[in-house]
Amino acid sequence: MTAPDRLSPGDPAPEFSLATDTGDTLSLTDLRGRKVVLYAYPAAMTPGCTKQACDFRDSLASLQAAGYEVVGISPDKPEKLAKFRERDAITFPLVADTDRSVLTAYGAYGEKQSYGRTVTGVIRSTFVIDEGGRIERALYNVRATGHVAKLRRDLGLD
């Protein structure tokens, strides 16, 4: 597997319709007309992913006040996402991309460097999608810690 194709500002955001942590289905078209922060993370209930999810949870009110909906996406099964939501009081949708097709379409799954080795997996990424379904920002290889604060500054919320 080679490095994934990456999205750029202005690209159409790849459509998805995925199972959520609550057993519902969420589609990108359901969110049309609103700005969306879609963030890709490797695995629920791991230290870095928990820190990132809790940072988004703690910033959710101000992000929503600025017109943004937050959605987390990982290859975890909906049942694991439900446990993650319950354990850490996650208050935004988590979607399950178990076959990694959506992560791949967003360029958030493929070869990456981990501890000096090339591995295949989820590339921690964040996408800001505008009201019309186009990529406004595509941020790849973000850090779990401090990323939400940086994103808030970049969006002019702080």
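Look up a bit, the structure's there.
I will try to describe carefully the structure that is included in this document. Here the structure is a predicted model, which means the values were calculated and not measured.

**Digging into the overall build of the protein chain**
Stage number 1. A count of helices and strands for the protein chain gives 4 helices and 9 strands.
Stage number 2. The N-to-C order of helical and strand elements in the protein chain reads β-β-β-α-β-α-β-α-β-β-β-β-α.
Stage number 3. For 158 residues, the compact-globule estimate of 2.2 N^0.38 gives 15 Å, and the C-alpha radius of gyration of the protein chain, at 14 Å, lies within 12% of that figure.
Stage number 4. Considered along the principal axes of its C-alpha atoms, the protein chain spans approximately 40 × 35 × 30 Å.
Stage number 5. Across the protein chain, every contact between residues at least 6 apart in sequence was considered, and the portion connecting residues at least 24 apart equals 62%.

**Some words on the pairing of strand β3 (residues 35-40)**
Stage number 1. With 5 of 6 residues buried, β3 is to be regarded as a mostly interior element.
Stage number 2. With 6 bridges joining them, β3 and strand β4 (residues 68-74) adopt parallel strand pairing. Directly across from Ala40, in β4, lies its bridge partner Ile73.
Stage number 3. Once the chain exits β3 it traverses helix α1 (residues 47-65) before rejoining the sheet at β4, and the crossover so formed is right-handed.
Stage number 4. Bridge count between β3 and strand β8 (residues 125-129): 5 bridges; the pairing is antiparallel. Within the sheet, the bridge partner assigned to Ala40 lies in β8 and is Ser125.

**Here's the deal with the environment of Ala65**
Stage number 1. Mapped onto the secondary structure, Ala65 falls in helix α1.
Stage number 2. A residue is classified by how much of its surface remains accessible, and Ala65, at 71% relative accessible area, is exposed.
Stage number 3. Along the sequence, Ala65 and Leu157 sit 92 residues apart, while their C-alpha atoms lie 9.8 Å from each other.

**Thoughts on the state of the cysteines**
Stage number 1. Tallied over the full model, the rule gives 0 disulfides.
Stage number 2. As a non-bridged cysteine, Cys49 has Cys54 as the owner of its nearest cysteine sulfur, 11 Å distant.

**A few points about helix α4 (residues 147-154)**
Stage number 1. Regarding α4, the residues found buried are His147, Val148, Leu151 and Arg152. Down the axis of α4, the sector holding all buried residues measures 135 degrees, keeping them to one side.
Stage number 2. Where α4 is buried, its residues contact β3, α1, β8 and β9 (135-140).
Stage number 3. Where α4 ends, the next residue or the one after it, Gly156, has phi of about 75 degrees, a positive value.

**Describing the packing of α1 against helix α2 (residues 78-88)**
Stage number 1. Look at α1 against α2: their axes get within 11 Å of each other, and the N-to-C directions meet at 60 degrees. Accordingly, the angle class assigned to the pair α1 and α2 is oblique. With respect to the hand of their crossing, α1 and α2 are arranged in right-handed fashion. Two secondary-structure elements touch here, α1 through Cys49, Thr50, Ala53, Cys54 and Arg57 and α2 through Phe84, Arg87 and Asp88.
Stage number 2. Among the residues forming the contact of α1 with α2, the class breakdown is 4 nonpolar, 1 polar and 3 charged.

**Here we look at the nonpolar core**
Stage number 1. Counting residues in hydrophobic clusters, the biggest one holds 24 residues, and the most contacted among them are Leu38, Ile73, Tyr106, Phe127, Ile129 and Ile135.
Stage number 2. Listing elements by their share of this core, those giving two or more residues are β3, β4, α3 (101-105), β8 and β9.
Stage number 3. Once residues within four sequence positions are removed from consideration, Ile129 is found in contact with Ala13, Leu28, Arg34, Lys35, Val36, Leu38, Tyr106, Arg134, Ile135 and Glu136.
Stage number 4. Judged by nonpolar contacts, the second largest core, of 21 residues, contains Val37, Phe56, Leu81 and Leu94.

Each value, and the rule that gives it
For every chain, the first residue of its written sequence is number 1, and the numbers climb from 1 along that sequence. Side-chain atom pairs in this predicted model are given and counted only at pLDDT of 80 or more, local residue features only at pLDDT of at least 70, and totals for whole chains, interfaces and linings cover all residues. Hydrogens and waters are ignored; side-chain quantities use all the structure's heavy atoms. To qualify as a helix, a DSSP run of H or I must reach at least 4 residues; to qualify as a strand, a run of E must reach at least 2; elements of each kind are numbered from the N terminus. Here the radius of gyration uses the C-alpha set of atoms, whereas the globule reference equals 2.2 Å times the residue count to the power 0.38. Residue contacts follow a heavy-atom distance rule, with two residues in contact if any of their heavy atoms lie within 4.5 Å. The rule is simple: take the accessible area with a 1.4 Å probe, protein chains only, and divide by the maximum for that residue type; under 20% is buried, over 50% is exposed, in between is partly exposed. One requirement defines pairing of two strands: DSSP has to find at least two bridges between them. Place the viewer so that the strands point away; then a crossover is right-handed whenever the path from the first strand over the helix to the second strand goes clockwise. Put simply, a disulfide is two cysteine sulfurs that come within 2.5 Å. Along the arc lie the directions from the helix axis toward the C-beta atoms. Helix axes use the C-alpha atoms of the stretch in contact, all axes being lines fitted to C-alpha atoms, and the angles between their N-to-C directions lie in the range 0 to 180 degrees. Angles are sorted into four bins: roughly parallel if under 35 degrees, roughly antiparallel if over 145, roughly perpendicular if 65 to 115, and oblique for all others. Helix crossings are classified by the rotation of the near helix relative to the far one: an anticlockwise turn of less than a right angle makes the crossing left-handed, while a clockwise turn makes it right-handed. Each residue is assigned to one class: nonpolar for Ala, Val, Leu, Ile, Met, Phe, Trp, Tyr, Cys and Pro, charged for Asp, Glu, Lys and Arg, and polar for all the others, Gly among them. Nonpolar core, defined: a set of buried Ala, Val, Leu, Ile, Met, Phe, Trp, Tyr and Cys residues in which side-chain atoms within 4.5 Å join the residues together.

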